[in-house]
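Listed below, chain by chain, are the residues.
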Amino acid sequence: MANIFPIEKFDKLETPFYYYDTHLLRRTLNTIKDELKSHPQYEVHYAIKANANPAILDIISKCGFGADCVSGGEIEAAIKAGIPASKIAYAGVGKTDREIMLALEHNIMCFNVESFEELEIINMLAGEKKTTANVAIRFNPDIKAHTIDNIATGKKENKFGIAIDMIDEVIEEVKSLGNINFKGIHLHIGSQILEMEDFVKLSSTVNTLVETFESKGLPISDINVGGGLGIDYSDPDFGAVPDFKSYFNVFKQNLKLNERQKLHFELGRSIVAQCGTLISRVTYVKRAPIKEFVILDAGMNDLVRPAMYKAYHKIENISSPYEPKCYDVVGPVCESSDVFGKDIMLNETHRGDFIAIRSAGAYGESMASTYNLRKLPLSYTDTDLQ
Ligand SMILES: *Cc1c(COP(=O)(O)O)cnc(C)c1O
C-alpha cells in the first residue's frame, strides 16, 4: 500500500523522520469515543509514554481523554497539552519527592501507588502541604500476559505494584493514614496483548480485590485496569484500527461494576501505534557473501523496539516498482543489534529509495535517543505536508 504516503512531499525533506497520519489517529479516537457511548462508566486516559509528540498530544487532548503519566515530565506535558489535572493518573515505582509535590500542586485525579514505602511518603508530603492525596493502590495480579517477556508487567517477579497477598496489610495501612483519599485499585498486566482471555483473568482478579476491600469497610469508587491492548504489526493497513469493541466488551461481561464506580483504561499503543511510520532513505545496498544488506539512514536510536524487544515492524520500500528481493535491513549505528529486519522481502532496492517502517507511532519517537551522537528524528504530520 505504498500509495498511502505522499512520497513527492518527502523528496524535499531530510531523513529519517516520523510521519504521522492524523486522519488515522482521529479515526481511532472516534472509534473509541463511539464505543464509550455504550459504556458510560468507562473513562480513557492516554498513556503519554507511548508518544508525547505535541501534535499528537494536542489531538488526543481535544478529543477529551485524560492522561496516564509515569513521570513529572509527563504530567507537565499533559497539562501543557490542555489535559485537565482531574483526568491525570500517575503511576511508577520510583516517584521522587519532587514529582509527588508537582502532582499534589496540580491536584491530579489519582496517584497509582506501587509500594507501602511510596504510600507513606505521599501521605507525609500531602500532610506537609496541608492537603490530601487521591490514591489508588496498584496491585501486581501475577498474571502472565501473552506478550514479549520484556513488556509483561503483571508477574510476581516484576517490579510493579503490590503483591495481592499483602492486601490485608494494605487495608490496615490505608485506614491508618490521614492525608490520603483512597479511591480504589489499579492493575496493568503488560503491553501488546491480543488474547482477550488475559483481560478475562484480569477482570476476575479485580472482582476479588474489590469484594475484599469493600467487605473490610473500604469502598472503591475507581477501578483502573491499565492498558495493554495490542495492535496488528503484521498487517497495519488491514488492522489499522484495533478492535476496541471486543476489548471493552470483555470488561463489560467479566468485571462487576456497581452504579457508583468508574472503570478507567490507560491505552497507549492501541491509540497511536498505527498512525506513525518511520521514513528513511537507503544509504547503501551492500553486497556481502551470504546476504545483501539494505543500510538505512535510520538506526536503533530512532526506533529501538526491534533491537530492544526483537519486535517485528513491517518494512516497505515505497519508492521501488521492481520485483521483491530478500535483504537484511539495518541501521548505521555501531551495534550488531541495530537491525530492523532479517531476510525481509522488499521491492528491489537502490540507494536513495524511501523505506517505510510501519506501526511505529507507539514507543518509537518517545524512545529515541542521540546514541552515537546522532540527531533525534524529526517528525511531520500529514497536515504539515499539505
Ligand atoms: C505503559 C503503561 C500503559 C500503556 O500501555 P499500552 O500497552 O501502551 O497500552 C498503561 N498503564 C501503565 C501503568 C503503563 O505503564
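Note that the coordinates shown come from a computational prediction; the quantities given were computed from them, not determined experimentally.

### Concerning the overall build of the protein chain
Phase 1 of the analysis: Regarding its fold elements, the protein chain presents 11 helices and 17 strands.
Phase 2 of the analysis: In summary, the protein chain has a C-alpha radius of gyration of 22 Å against a globular reference of 21 Å for 386 residues, a match within 12%.
Phase 3 of the analysis: Principal-axis analysis of the C-alpha atoms gives the protein chain an extent of 70 × 40 × 40 Å.
Phase 4 of the analysis: Within the protein chain, the fraction of its 386 residues that count as buried is 56%.
Phase 5 of the analysis: Considering only intrachain contacts with a sequence separation of at least 6, the fraction spanning at least 24 residues in the protein chain is 72%.
Phase 6 of the analysis: Total accessible area on the protein chain is roughly 16,900 Å²; 52% of this is exposed by carbon and sulfur atoms.
Phase 7 of the analysis: Averaging the locations of the 42 positively and 53 negatively charged side chains of the protein chain gives two centres separated by 2 Å.

### Points about the nonpolar core
Burial of nonpolar side chains together is a common tendency in soluble globular proteins.
Phase 1 of the analysis: In this structure, Phe111 and Ile271 are the most contacted members of the largest nonpolar core, which totals 101 residues.
Phase 2 of the analysis: Of the domains in this structure, domain 1 (7-17 + 274-381) and domain 2 (22-273) are the two that each give at least three residues to this core.

### Overview of the environment of Lys87
Phase 1 of the analysis: Tracing the backbone through its elements, the reader meets Lys87 in the loop between helix H4 (72-80) and strand S4 (88-90).
Phase 2 of the analysis: Here Lys87 falls in the partly exposed class, since its relative accessible area comes to 28%.
Phase 3 of the analysis: For the pair Lys87 and Ile108, spaced 21 residues apart in sequence, the C-alpha to C-alpha distance is 7.0 Å.
Phase 4 of the analysis: Other than its neighbours up to four places away in sequence, Lys87 contacts His45, Gly64, Phe65, Gly66, Ala67 and Met109.
Phase 5 of the analysis: Within the local environment of Lys87, its side chain forms a polar contact with the backbone oxygen of Gly64, the two atoms lying 2.9 Å apart.

### Some words on the domain arrangement of the protein chain
Interfaces are often sized by the amount of accessible area the parts lose when they come together.
Phase 1 of the analysis: Taken domain by domain, the protein chain comprises domain 1 (7-17 + 274-381) and domain 2 (22-273).
Phase 2 of the analysis: When each unit is reduced to the centre of its C-alpha atoms, the spacing between domain 1 and domain 2 is 33 Å.
Phase 3 of the analysis: Across the contact, 21 residues belong to domain 1 and 25 residues belong to domain 2.
Phase 4 of the analysis: Carbon and sulfur atoms supply 53% of the area buried between domain 1 and domain 2, which totals about 2,000 Å² over both sides.
Phase 5 of the analysis: Sorting the residues of domain 1 by area buried against domain 2 places Gln274, Cys275 and Tyr363 first, and these three jointly supply 36% of that buried surface.
Phase 6 of the analysis: Applying the counting criterion to the domain 1 and domain 2 interface returns 16 residue pairs in polar contact (both at pLDDT 80 or more).
Phase 7 of the analysis: Sorting the residues of the side of domain 1 that touches domain 2 by element identifies helix H11 (305-309) and strand S17 (378-381) as the ones contributing at least two each.
Phase 8 of the analysis: Among the elements that take part in the side of domain 1 that touches domain 2, H11 stands out by supplying three residues, more than any other.
Phase 9 of the analysis: A class-by-class count of the residues in the side of domain 1 that touches domain 2 yields seven nonpolar, nine polar and five charged.

### A look at empty space enclosed by the protein
Any empty space left between atoms is shown by rolling a water-sized probe over those atoms.
Phase 1 of the analysis: Following the criterion strictly, the structure yields two cavities of 30 Å³ or more and no others.
Phase 2 of the analysis: For the largest cavity, the calculated volume is near 50 Å³.
Phase 3 of the analysis: Forming the boundary of the largest cavity are Met109, Cys110, Asn112, Ala136, Lys183, Ile185, Asp222, Asn224 and His264.
Phase 4 of the analysis: Elements that contribute at least two residues to the lining of the largest cavity include exactly strand S5 (110-113), strand S8 (180-186) and strand S9 (222-224).
Phase 5 of the analysis: A class-by-class count of the residues in the lining of the largest cavity yields four nonpolar, three polar and two charged.
Phase 6 of the analysis: Taken together, Ala103, Leu104, Asn107, Ile108, Phe111, Thr131, Thr132, Ala133 and Asn134 form the lining of the second largest cavity.
Phase 7 of the analysis: Only helix H5 (97-106) and strand S6 (133-140) provide two or more residues apiece to the lining of the second largest cavity.
Phase 8 of the analysis: Considered class by class, the residues forming the lining of the second largest cavity number five nonpolar, four polar and no charged.

### Re the layout of surface pockets
Phase 1 of the analysis: The computed volume of the largest pocket comes to approximately 630 Å³.
Phase 2 of the analysis: Among the secondary structure elements, those contributing two or more residues to the lining of the largest pocket are strand S10 (262-267), helix H10 (269-272) and H11.
Phase 3 of the analysis: Residue composition of the lining of the largest pocket, by class: 11 nonpolar, 12 polar and eight charged.
Phase 4 of the analysis: When residues of the lining of the largest pocket are sorted by domain, at least three fall in each of domain 1 (7-17 + 274-381) and domain 2 (22-273).

### Side note on the packing of aromatic side chains
Phase 1 of the analysis: The final tally for this structure, using the stated rule, is 19 aromatic pairs.
Phase 2 of the analysis: The interplanar angle of 70° and the centroid separation of 5.3 Å between the aromatic rings of Phe10 and Tyr19 together place this pair among those described as edge-to-face. Per residue, the accessibility class of Phe10 equals that of Tyr19, and both read buried.
Phase 3 of the analysis: For the cation-ring pair, Lys95 lies above Tyr90, with the distance from its terminal atom to the ring centre recorded as 5.3 Å.

### Comments concerning the site of the ligand
Phase 1 of the analysis: In the vicinity of the ligand there are 15 residues, among which Lys49, Ser191, Glu266, Arg269 and Tyr363 approach most closely.
Phase 2 of the analysis: Interatomic distance of 2.7 Å between a side-chain N/O atom of Glu266 and a nitrogen atom of the ligand.
Phase 3 of the analysis: Between the ligand and the protein, one listed contact pairs an oxygen atom with a side-chain N or O atom of Tyr363 at 2.6 Å.
Phase 4 of the analysis: Here the ligand has 390 Å² of accessible area as a free molecule, and 95% of this is covered by the chains.
Phase 5 of the analysis: Counting atoms within 2 Å of the grid points, the majority share of the ligand lands in the largest pocket.
Phase 6 of the analysis: Counted by class, the shell around the ligand contains four nonpolar, six polar and five charged residues.

Parameters and conventions
Residues numbered from 1 in each chain as written. Predicted model: local features only at pLDDT ≥ 70, side-chain atom pairs only at ≥ 80, totals over all residues. Heavy atoms only, no water. Helix = DSSP H or I, 4+ residues; strand = E, 2+ residues; numbered from the N terminus. Rg over C-alpha atoms; globule rule 2.2 N^0.38 Å. Buried < 20%, exposed > 50% of the residue type's maximum accessible area, 1.4 Å probe, protein only. Contact = heavy atoms within 4.5 Å. Areas by Shrake-Rupley, 256 points an atom, 1.4 Å probe, with all protein chains shown as cover. Lys, Arg positive; Asp, Glu negative; His and termini not counted. Charge placed at Lys NZ, Arg CZ, Asp CG, Glu CD. Core = buried A, V, L, I, M, F, W, Y, C linked by side-chain atoms within 4.5 Å. Domains from an automatic or database assignment. Polar contact = N/O pair within 3.5 Å; in protein donor to acceptor, adjacent residues only side chain to side chain. Buried area = accessible area lost by both parts, 1.4 Å probe. Nonpolar A, V, L, I, M, F, W, Y, C, P; charged D, E, K, R; others polar. 1 Å grid on protein atoms, 1.4 Å probe; cavity = no way out; pocket = protein on both sides within 12 Å on 5 of 7 lines; lining within 4 Å. Points joined across faces, edges and corners; volume = space filled by probe spheres on them. Phe/Tyr/Trp six-rings, centres within 6.5 Å; stacked < 30°, edge-to-face > 60°. Lys NZ or Arg CZ within 6 Å of the ring centre and 35° of its normal. Near = heavy atom within 4 Å. Sits in = over half its atoms within 2 Å of the grid points.

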